[in-house]
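# Summary of structural features
Each chain, letter by letter, is given below.
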Amino acid sequence: MPELPEVEEAMQRLRAAVEGRTIAKVSTHHASHERQLPAASARRLRQQKIVRVERRGKHQLLHLENGSTLHAHFRMNGDWLMSRTDQPLDKFTRASIDLTDGSRIELHDSRALSSIKLHAKGENPLPKLGIEANDASLDADHLRAALSKKRGPIKPTLMDQAVIAGLGNIYAAEALWRAKISPRAISSSISPARLAKLAEAIHWVIENENRAPGRYTDTENRDRFEVYDREGLPCSRCGTKIKRIPQAGRSTYFCPKCQRS
Ligand SMILES: [Zn+2]
């Protein structure tokens, strides 16, 4: 699953490719994407200039001249593929944006879980989102306020996009390992000193664990994580075997010895 740095990088590629340019047509190439963006909606995109591209959390927004917004989300393994309108589409392309200058942006996604939707002017295309995971003001004080009423375990809370926007399964686990906090610790009961370590760990992980999108399950990449996908392997800090537990429907990896509640 793309984490925030990968989505940021993808958004910047998209921005460089489309900002200030005009859409010739938008097409969908998969049933679920066609449901999200029916032909009648896609037709309204023709001849629209893309005035601004931005990212909020893992959401990517293309703001159009008429005030409407094209909203894209990669989900598990989407990505942008830059091509030309005279080239054949890739077999995993789910939607494509043809520009009037002959360039084309393909929403490429082998699992077809990504999304693309059109929101009319005045409509908010985003769900409730918390502070950006890479925002410098995400510190102990911010975390204490954001977690004060959260009685659930910290790992799913960190992944709640309404609490922190852009933190996914991998980085939440890695940040908790760095901060030596158990994924099962009750969110509201973590001390300010440990929240300071957690904030630092989140920033460290986002700045340092940057890697190519969609390659998380490769062994060579797995070896670069401390806990994620490392069940049974030794913790690099204390040698204890990394454990995997289910939390909120996802796998959580952690060191049962040096990460405390
Ligand atoms: Zn350990």
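Bear in mind the structure is a predicted one, so any value in this text is a computation, not a measurement.

## Examining the overall build of the protein
Helix and strand counts for the protein come out as eight helices and 12 strands. Expected size for 261 residues packed as a compact globule is a radius of gyration near 18 Å; at 20 Å, the protein falls within 12% of this value. Seen through its C-alpha atoms, the protein measures out along the principal axes to roughly 60 × 40 × 30 Å. The burial tally for the protein puts 39% of its 261 residues in the buried class. For the protein, the share of sequence-separated contacts (at least 6 apart) that also reach a separation of at least 24 residues comes to 64%.

## Here's the deal with helix α1 (residues 4-18)
With 15 residues, α1 ought to run about 21 Å at 1.5 Å a step, and its terminal C-alpha atoms sit 21 Å apart, in line with that. Here α1 has its buried residues at Leu4, Pro5, Glu6, Val7, Ala10, Met11, Leu14 and Val18. The secondary structure elements touched by the buried residues of α1 are β2 (50-56), β3 (59-64), β5 (79-84), β6 (93-99), β7 (103-108) and α7 (192-208). With its phi angle positive at about 85 degrees, Gly20 sits one or two positions after the end of α1.

## Quick look at the nonpolar core
Core analysis: the biggest nonpolar cluster contains 60 residues, and Ala173, Leu176, Ile202 and Val227 have the highest contact counts within it. It is helix α6 (residues 169-178) that provides the largest number of residues to this core, a total of seven residues. With near-sequence residues (within four places) excluded, Ala173 lies in contact with Lys155, Pro183, Val227, Tyr228, Thr252, Tyr253 and Phe254.

## Describing the domain arrangement of the protein
Considered domain by domain, the protein is made up of domain 1 (4-119) and domain 2 (131-254). Here domain 1 and domain 2 have C-alpha centroids that lie 30 Å from each other. On the domain 2 side, the residues contacting the nine residues of domain 1 number 10 residues. Looking at which element gives the most residues to the side of domain 1 that touches domain 2, the answer is α1, with four residues.

## So, the sheet that holds β5
The strand order β1-β6-β7-β5 describes an open sheet built from four strands, whose pairing is antiparallel. Each edge of the sheet is formed by a strand with only one pairing partner; in this case those strands are β1 (23-28) and β5. When the angles between neighbouring strand axes are averaged without regard to direction, this sheet yields 20 degrees. Here β5 runs beside β7; their pairing, made up of six bridges, is antiparallel. Bridging across to β7, Ser83 finds its partner in Arg104. Sitting on the sheet, α1 is in contact with β5, β6 and β7, with an inclination near 25 degrees to β5.

## Regarding the environment of His203
Assignment of secondary structure puts His203 in helix α7. Sequence separation of His203 and Asp139 is 64 residues, and the distance between their C-alpha atoms is 9.4 Å.

## Quick word on the packing of α6 against α7
At a minimum axis distance of 8 Å, the contact between α6 and α7 shows a crossing angle of 130 degrees. Compared by their axis directions, α6 and α7 come out oblique. The hand of the α6/α7 crossing is right-handed. In this structure, α6 uses Tyr171, Glu174, Ala175 and Arg178 to contact α7, whose residues at the interface are Leu198, Ala201, Ile202, Trp204, Val205 and Ile206.

## Quick notes on α6
When you tally the buried positions in α6, you get 10 out of 10 residues, the bulk of the element. The set of residues buried in α6 consists of Asn169, Ile170, Tyr171, Ala172, Ala173, Glu174, Ala175, Leu176, Trp177 and Arg178. Those residues of α6 hidden inside the fold are in contact with α5 (154-159), α7 and β12 (250-254). Lys180, located one to two residues past α6, shows a positive phi value of around 60 degrees.

Cut-offs applied
- Residues numbered from 1 in each chain as written.
- Predicted model: local features only at pLDDT ≥ 70, side-chain atom pairs only at ≥ 80, totals over all residues.
- Helix = DSSP H or I, 4+ residues; strand = E, 2+ residues; numbered from the N terminus.
- Rg over C-alpha atoms; globule rule 2.2 N^0.38 Å.
- Buried ≥ 20, exposed ≤ 12 C-beta atoms within 10 Å, placed from the backbone.
- Contact = placed C-beta atoms within 7 Å.
- Expected span 1.5 Å × (residues − 1).
- Core = buried A, V, L, I, M, F, W, Y, C linked by C-beta atoms within 7 Å.
- Domains from an automatic or database assignment.
- Pairing = 2+ DSSP bridges.
- Axes fitted to C-alpha atoms, helices over the stretch in contact; angles between N-to-C directions.
- Parallel < 35°, antiparallel > 145°, perpendicular 65-115°, else oblique.
- Left-handed = near helix turned anticlockwise from the far one by under 90°.

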